[in-house]
Amino acid sequence: MQLSMRWLHDFVEEIPATNREYAERLTMTGSKVEGWEEEGSELNKVVVGKILELAPHPNADKLQICQVDVGDGAPLQIVTGAKNVAVGDLVPVALDGSSLHGGVKIKKGKLRGVASNGMLCSVAELGITTHDFPYAIDDGIFILQEDCRVGQDIREAIGYNDTVFEFEITSNRPDCLSVIGLARETAVSFGKPLKLHTPVVKGGHGDVNGLLKVRVEAPDLCPRYCARVVKNVRVKPSPRWMRERLRASGVRPINNIVDITNYVMLEYGQPMHAFDQKYLKEQQIVVRRAKEGESIVTLDGVERKLSPDMLVIADQDKPSAVAGVMGGEYSGIMDDTSTIVFESACFAGPSVRITAKTLGMRTDSSARFEKGLDPNNCIPALERACELVELLDAGDVCDGIIDVNNSSGERRKLALEPEWIKRFLGISISEEEMVQILQKLDFEVKEGVVAVPTFRADVEHKADVAEEIARFYGYDRIPTTLVGGSAQGKLTEEQKFERMVNDTMQALGYSEIMTYSFISPKFYDKIGLPSDSPLRRSVTIANPLGEDTSIMRTIALPSLCEALSRNYSNRNLSASLYEIATEYIPKESDSELPVEKQSVVIGAYGEGTDFFSLKGAVEALLEKARVFDYDVQPTEEYAFHPGRCAQLLKDGKVFGVIGELHPKVLENYGLGARACAAVLDFNALFALRDPVRQYQPLPKFPAVTRDLAFVCDDEIPVLALKKSIAAAAGSRLEKVTLFDVYKGKQVADGKKSVAFNLVLRSADGTLKDEDADAIVKKVRKALTDLGAELRS
Amino acid sequence: MRQQLEDIKKRVEEELAKVDVQQELENLRIRFLGKKGELTSILKQMGKLSAEERPVIGQLANEIRGQLEREIEERGQKLKAMETERRLKAERIDVTMPGKRHELGYKHPLSIVLDELKEIFLGMGFDVVQGPEVESDYYNFEALNIPKNHPARDTQDTFYINDSILLRTQTSPVQIRTMEKQKPPIRIIAPGRVYRSDAVDATHSPLFHQIEGLVVDKGITMADLKGTLEVFVKRLYGEDAVVRFRPHHFPFTEPSAEVDVQCFHCHGEGCRLCKGEGWIEILGCGMVHPKVLSICGIDPEEYSGFAFGVGLERLVMRRFNIDDLRLFYENDLRFLSQF
């Protein structure tokens, strides 16, 4: 909302504040000022001049030499290319060293050898348009027809010196989308009187009845409909004061009738519409829901399809306007318009909102209606419009008002609870002061009951009353206290676990990433997810920004691959990344919320990265997470290299996958290096962790170590050998470590040599060599059973 | 014999002066003082001496032995020191060569600040709770006093899944879920992802993070709201941060406020950083609307509360002077490794 200070002064005469102080005060009482602008502040050293002489330029046919009186001693010589100047004209003159709209600087100089000490200006050069001054032309000098004097500053001469404040009005305060509403806030903020004006209409040009009939068929969507008729309309430009105020409010002046409707909307916050009566068949207005299949061509020339949940203003046959949104093409004011109907109505907010949204045309009018307007504002606004018609001599106003009123128009009553309000706000304020604030805001307070003004539909609870008091008591005066009672804030076990996973991954050299939760369905193809995978069923966004972000991911691996790919294409030589990412698994029924689960996705490429470096990181994480005794099995899984992929299991249940990415996947992501990735079920990790930490006494007796090297089939996994050793060695085996795997010379094809280091220890005493030998014998037997033979 | 002893002493001392390796020193010791050494073998001839001479020579021999041992020991110490010095000299390295690095992993800048916020609120007795991101219209809007076709819905362009399910546009639904489950006293923050249908550019993202806060108890006042948030802002920005509470409107709080901090750059004068306003908005807050309490089954006559919501991204952008929001979600290591 743009507020003209000149207009504001009609209602609040004196505001003892600078622009900055005004902005701060209003902001702190709840009407946030986004900024302000002094009109014409770009213009400097531009004055009114009078053309005294005109002479042709000796060296140029298209130029003329003017002698201009700028009220400062000798006339100025200025060369101009304009055609529309004549001796005696008053024109804007940019003097030497002046500045114009857009920061243009003017300096004296020579034009084709003739000295020129300034410039004559057009409207555009001043930053205004011919809408502001309809008598001016676009292509030529602005010949002033204003009551001004030679030498006068141009801003003052043409009234282009208003100050305009830009307000951010919250959706609960449609009353502040008006000069009067903001004037009320201003008056209370500064403790000044608010001077309201009661419109007076002379009328006397026949009766409205007989000229117009109004029938409201949908009172639920139209609580009030008021109308008056004006005959013998005389369409012409409005006076300068009105055009100035409209321009300052960001509205382009058109003609007196249109300008009056806009002026009243800005002043009262009540949208108005003017219908040409000759296009109202049977001189009838029917406010009804649109019929199935009905359409209307709106003022902007676009045909709009209507539906029965939309309210229209129709005549006998067809709609003339979409109620509260926009008029139809014949509802506007034309050159031959003679009789008009002013509409001042109240339409139901939600209906206007849906209609404007469905039709894709949000207008100044719909933006106000959708917030819910005051039915009691219809009549004063209508009267004001007719008063202005008479003031501007824009037509002859007929007597009588049509008023179809289905609203109660009563003030809402709330109990005033001073003690509750004081407690709620934490302030000490007298009841008297509360009442004063409320009364200034037009609330009536009598015997402990607050009657809320009808333009304040947002006040419906004592908390709302408390806010009114707080605003003008001053938020800055409310003390600061701390919540009483002692409370312990702490993280849950799962939150601590999450923090540990983050810390560990970062300690292992993996950087945390954050990826979008929504992806493209194509990402599933890119990762090689089988076309019949149930994971393809995703929560789908009905109105996505684009296909790229149209479904909620069921797997986070594609997001990780995107991040690896981006780093690769940005020429980062290596990258090690991870995320604890949410995945969204839809339930059977679409009416249920999906399950949101977390996965730890880990990925890396670059020097030093291979399957085992990643597996090592995962092993370290699992150790930190206290997930022990899990199983690792080779597996084939989409997205991964079939020979380089393992699944992690605990108690037969898979909780993670580690692998090198499939060459196809690398190609799909434009990754020119091998990359590895792991996906761990975060929630499973948390469930599988061993939360009990207990001290084990340090060994008292020395350990015996034995190295064993075996030759076995290449097919046999090392883990199988290791498990077999562990099972055979029994409780005295403290640790078994693989230290060598060898294939090649001295080992037959299809075979490999594997070497383990065993650490044996007894808790009861120093282990004897023969006991150790007995254990090793058992281990050898077990390995032989597996088909492995001891290497000599 | 006396002469022999003196002779040995002289020879040992002569050779000792030439020895410059530890091992030679040991050899020397063995040669003269060892079990089969020269001094020992002379002493073995003691028997040939007269009874008068024996104790005199014996004492002399012992003196010489003792002296030689000390001298060898001293020489040994000296040699050791020299050798250490030689080694240290030989082992000199160029300490300006780069260290052998273990690759570091970096915490995402959003996490850095979020963790800081969590610490602040944990310290003030708040718990951290979570809620679903795919949320029902009821929790995201209706229960927060934003009925269908309420104009406030326009300010939050929503991604819908269907008529009743959407991507939450704010973390505020966690307020409702918490109040439904837990009776007062309640003191929680709820950080998380929120979604709005904004096209991606330097200052907009369809996905961003908020931190919701909620306190409900008997006798909670707006002064408590101000006090709590003032502490928060000062912990975050330093004790000299200037805070202001400005009236605003949210459908689920009443009275509502926005909290601004005075621009650090211009101290309220107005500059480019604060777009001339002198203040930078950092969060929205207010007293929980009694209607919302009622919806959650909490009696507004008995209890009151306050709530607030902070946008994380803008906070982090200002903290680290980041000018493009997209960087957070591009995950380029050249960006991530700066934090």
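Everything below is about the structure printed above this text.
Everything numeric here is computed off the predicted structure, so don't read it as measured data. (Residues numbered from 1 in each chain as written. Chains lettered and ligands numbered in written order. Predicted model: local features only at pLDDT ≥ 70, side-chain atom pairs only at ≥ 80, totals over all residues. Heavy atoms only, no water.)

(A) Examining the overall build of chain B more closely. What chain B contains, in helices and strands, is 12 helices and nine strands. Whereas a compact globule of 339 residues would reach a radius of gyration of roughly 20 Å, chain B reaches 42 Å, over 25% beyond that. Taking the principal axes of its C-alpha atoms as reference, chain B extends roughly 130 × 45 × 45 Å. For chain B, buried positions account for 54% of its 339 residues. Counting only contacts in chain B whose residues sit at least 6 apart along the sequence, the fraction spanning at least 24 positions is 67%. Total accessible area on chain B is roughly 16,200 Å²; 50% of this is exposed by carbon and sulfur atoms. Of the charged side chains in chain B, 48 are positive and 55 negative; the average position of the first set lies 9 Å away from that of the second. (Helix = DSSP H or I, 4+ residues; strand = E, 2+ residues; numbered from the N terminus. Rg over C-alpha atoms; globule rule 2.2 N^0.38 Å. Buried < 20%, exposed > 50% of the residue type's maximum accessible area, 1.4 Å probe, protein only. Contact = heavy atoms within 4.5 Å. Areas by Shrake-Rupley, 256 points an atom, 1.4 Å probe, with all protein chains shown as cover. Lys, Arg positive; Asp, Glu negative; His and termini not counted. Charge placed at Lys NZ, Arg CZ, Asp CG, Glu CD.)

(B) The arrangement of the nonpolar core in detail. With 125 residues, the main nonpolar core has Phe232 and Phe308 of chain B as its most contacted residues. Examining the composition of this core, we find that eight residues originate from one element, helix α8 (residues 222–237) of chain B, more than from any other. In this structure, Ile15, Phe167, Ile169 and Phe342 of chain A belong to the second largest nonpolar core, which totals 52 residues. (Core = buried A, V, L, I, M, F, W, Y, C linked by side-chain atoms within 4.5 Å.)

(C) A look at the packing of aromatic side chains. Scanning all chains against the criterion turns up 30 aromatic pairs over all chains. Note on Trp241 of chain A and Tyr263 of chain A: the rings are 5.7 Å apart at their centroids and 85 degrees apart in plane angle, and the pair reads as edge-to-face. In this pair, Trp241 of chain A sits in helix α6 (residues 240–248) while Tyr263 of chain A sits in helix α7 (residues 256–268), placing the two residues 22 residues apart along the sequence. A relative accessible area of 33% means that Trp241 of chain A is categorised as partly exposed. Arranged with centres 5.3 Å apart and planes meeting at 25 degrees, the rings of Phe121 of chain B and Phe308 of chain B form a pair that is stacked. Separated by 187 residues along the polypeptide, Phe121 of chain B in helix α5 (residues 109–123) and Phe308 of chain B in strand β9 (residues 304–311) bring together distant segments of the chain. (Phe/Tyr/Trp six-rings, centres within 6.5 Å; stacked < 30°, edge-to-face > 60°.)

(D) How the structure looks around the pattern of salt bridges. According to the stated counting rule, one finds 78 salt bridges over all chains in the structure shown. The closest approach of N and O atoms between Arg289 of chain A and Asp220 of chain A, which form a salt bridge, is 2.7 Å. Residue Arg289 of chain A is found in strand β15 (residues 284–289), and its partner Asp220 of chain A is found in the loop between β12 (213–216) and β13 (224–231); the two are separated by 69 residues along the sequence. Judged by relative accessible area, Arg289 of chain A falls into the partly exposed class, the value being 35%. A salt bridge links Arg499 of chain A to Glu119 of chain B, with the shortest nitrogen-to-oxygen separation between them at 2.7 Å. (Salt bridge = Lys/Arg side-chain N within 4 Å of Asp/Glu carboxyl O.)

(E) The packing of helix α20 (residues 718–729) of chain A against helix α21 (residues 769–786) of chain A, seen in detail. Residue and element names in this part refer to chain A. Remark: α20 packs on α21, axes separated minimally by 8 Å, with the N-to-C direction vectors making an angle of 140 degrees. One way to sum up the angle between α20 and α21 is to call them oblique. The two elements α20 and α21 cross, and the hand of that crossing is right-handed. From α20, Ala720, Leu721, Ser724, Ile725, Ala728 and Ala729 reach across to α21, where they touch Ile775, Lys778, Val779, Ala782, Leu783 and Leu786. A per-class count over the contact of α20 with α21 returns 10 nonpolar, one polar and one charged. (Axes fitted to C-alpha atoms, helices over the stretch in contact; angles between N-to-C directions. Parallel < 35°, antiparallel > 145°, perpendicular 65-115°, else oblique. Left-handed = near helix turned anticlockwise from the far one by under 90°. Nonpolar A, V, L, I, M, F, W, Y, C, P; charged D, E, K, R; others polar.)

(F) Quick peek at the interface of chain A and chain B. Chain A puts 90 residues into the contact, and the matching count from chain B is 91 residues. Carbon and sulfur atoms make up 54% of the surface buried where chain A meets chain B, a total of about 7,200 Å² over both sides. Scanning the region where chain A abuts chain B turns up five salt bridges. Put simply, Glu460 of chain A and Lys291 of chain B hold a salt bridge, and the shortest N to O gap is 2.6 Å. Connecting chain A to chain B are 39 residue pairs in polar contact (both at pLDDT 80 or more). Within the side of chain A that touches chain B, the residues separate by chemical class into 34 nonpolar, 29 polar and 27 charged. (Buried area = accessible area lost by both parts, 1.4 Å probe. Polar contact = N/O pair within 3.5 Å; in protein donor to acceptor, adjacent residues only side chain to side chain.)

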